[in-house]
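Take a look at the letters that make up each chain.
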Amino acid sequence: MISENLFNEAKKFLPGGVDSPVRAYKPYPFFAERAEGSKIYDVDGKTYIDYCLAYGPLVLGHANPLIIEEVTKQLKNGTAYGVPTENEIKLAKQVVKRVPCAEMVRFVNSGTEATMSAIRLARAFAAKNKIVKFEGSYHGAHDCVLVKSGSGAVGLPDSPGIPEDTTKNTILVPFNDEKAITELIKKEGKNIAAIIIEPVMGNVGCIPPKEGYLKFLREITAENDIVLIFDEVITGFRIAEGGAQEYFGVTPDLVTFGKILGGGFPIGALAGKKEFMDMIAPSGTVYQAGTFNGNPVSIKAGLTALKQLDSNFYSEMNLKGNKLRAGIQEILDSQNLDFKVAGLSSMFQIYFTDRDVLNYEDAKSAETDIFQIYFNKLLQDGVFIPPSQFECCFLSLMHDDDDIQKTLEVMENAIKTVKNSC
Ligand SMILES: *Cc1c(COP(=O)(O)O)cnc(C)c1O
């Protein structure tokens, strides 16, 4: 069956025809048949160079041969045990070795669970209720963080079904704004348990922190007994071996992971200093549990992924990212367009706005109608990016010079199409 028919069928059985909202786009999404390396193949016989990469996990590209090999061995030995395994220790040690703030780790099943548990832990540690999040940041789909959340939810009202009693303890501030945080803490500091932040905002496009901003947050939270949580579900193991905390040289109290850590399989994790992590059950009283926590297949995939993510990997990804971003900038310049190229390392996006994008309000000034024209043209010509202006595009190790060259040609055409329609 072709994608169009599959989508019509899917809508009868799955709300909106998909299992996660951002996947639905007009007129219908392509249905995947298979994927390998930098390419994804649809059921209609088309091939795309993939910069969505399952929304971030696949830094090594699709179907990494080593991961497939190791996971296949694991599958034959069982898929879930409900008892501990040695590989959980090995993966925890890898995390601790790489990540500055990590002394202990709890493995869970998704980034959502990781931030939910990290926030509970921070509240228990601080014995305070309020948390601070940034406008446009996304920390998964649980109640207390679904307030002005990024991703597909930009511009939409907050979800019904979330009691005000739950979100009244969530305070919003603009990203990259030292004054806003300083004033908030002056007023409310003694009630604030934690600040949770995506060190590079990756769910409203891509917004890096201003020089010194994360260091400022580290200092002001330490002075006011506020727990600093880095949500590194995107940046973890992507922008440096030790994630954003290594990249920017700022060590938070707690960190959350997901995406890359599972080597293409479902996973999440929270990690931090021992004094925090020892509060988690069963060594402490902060409850956290899961049937599939530490799943042996995800753990094996994660171990096999991390083995391949050494310092060479990170320098190569930086080069690829720089090359692609420079190429896009050149195209925009040659067309006399003042749209903004954003990103760092293997993350990138074009904002269809002439405003410098430092926070959610700036990002929202981007013209989503223009993005749609750009997206559709890329798709038509065999380049797949996430179908929203407010997602981030990703490179993998498997995107070679040919892919990047071809992509820039396709982008040039798409940008010319955009220009003609402006
Ligand atoms: C994707 C994401 C999450 C949620 O992870 P899931 O595995 O989808 O639940 C949380 N935080 C950030 C920064 C993310 O990008």
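Residues numbered from 1 in each chain as written. Predicted model: local features only at pLDDT ≥ 70, side-chain atom pairs only at ≥ 80, totals over all residues. Heavy atoms only, no water.

### Here's the deal with the nonpolar core
Buried together is how nonpolar side chains tend to be arranged in soluble globular proteins. By size, the foremost hydrophobic cluster in this structure holds 96 residues, and its most contacted members are Ile181, Phe237, Leu261 and Tyr374. Split by domain, the residues of this core number at least three in each of domain 1 (31–63 + 311–421) and domain 2 (65–307). Not counting chain neighbours up to four residues away, the residues in contact with leucine 261 comprise Leu91, Val95, Phe107, Phe237, Ile267, Ala269, Gly302 and Leu306. Ala114, Ala118, Ala122 and Phe276 belong to the second largest nonpolar core, which has 21 residues in total. (Core = buried A, V, L, I, M, F, W, Y, C linked by side-chain atoms within 4.5 Å. Buried < 20%, exposed > 50% of the residue type's maximum accessible area, 1.4 Å probe, protein only. Domains from an automatic or database assignment. Contact = heavy atoms within 4.5 Å.)

### Describing the side chain of threonine 115
By the element assignment, threonine 115 lies in helix 4 (residues 111–126). Only 2.6 Å separates the side chain of threonine 115 from the backbone oxygen of histidine 139, close enough to count as a polar contact. In contact with threonine 115, not counting residues within four places along its chain, are His139, His142, Ile196, Asp231 and Thr256. (Helix = DSSP H or I, 4+ residues; strand = E, 2+ residues; numbered from the N terminus. Polar contact = N/O pair within 3.5 Å; in protein donor to acceptor, adjacent residues only side chain to side chain.)

### With respect to unusual backbone geometry
Of note, the bond from lysine 26 into proline 27 is cis; its omega dihedral lies within 30 degrees of zero at -5 degrees. Locating proline 27 in the fold gives a position in the loop between helix 1 (3–13) and strand 1 (32–36). Here the amide bond leading from alanine 281 into proline 282 is cis, since omega sits at 10 degrees, within 30 degrees of zero. Tracing the backbone through its elements, the reader meets proline 282 in the loop between helix 9 (274–277) and helix 10 (296–308). In this structure, aspartate 225 is a non-glycine residue whose phi angle is positive, near 55 degrees. Note on placement: aspartate 225 falls in the loop between helix 7 (213–223) and strand 8 (227–231). A residue is classified by how much of its surface remains accessible, and aspartate 225, at 62% relative accessible area, is exposed.

### Some words on the UniProt feature "modified residue: N6-(pyridoxal phosphate)lysine" (unreviewed entry) in the chain
The feature "modified residue: N6-(pyridoxal phosphate)lysine" (unreviewed entry), as annotated in UniProt, sits at Lys259 in this numbering. Within the secondary structure layout, lysine 259 lies in the loop between strand 9 (254–257) and strand 10 (268–272). A relative accessible area of 24% places lysine 259 in the partly exposed class. Here lysine 259 is in contact with Tyr55, Gly56, Pro57, Val233, Ile234 and Ile267, once residues within four sequence places are set aside. (UniProt positions renumbered as here; feature names shortened; annotations may be inferred.)

### A short note on the pattern of salt bridges
On inspection of all chains with the given rule, the structure shows 18 salt bridges. Residues arginine 218 and aspartate 253 are paired through a salt bridge, measuring 3.1 Å at the closest nitrogen-oxygen approach. Taken together, the residues arginine 218 in helix 7 and aspartate 253 in the loop between helix 8 (243–248) and strand 9 connect sequence positions 35 residues apart. Look at arginine 218 and you get buried, because its relative accessible area is 16%. Given a relative accessible area of 8%, aspartate 253 falls into the buried group. By sharing partners, the salt bridges in this structure join Glu70, Lys73 and Lys300 into a single network. (Salt bridge = Lys/Arg side-chain N within 4 Å of Asp/Glu carboxyl O.)

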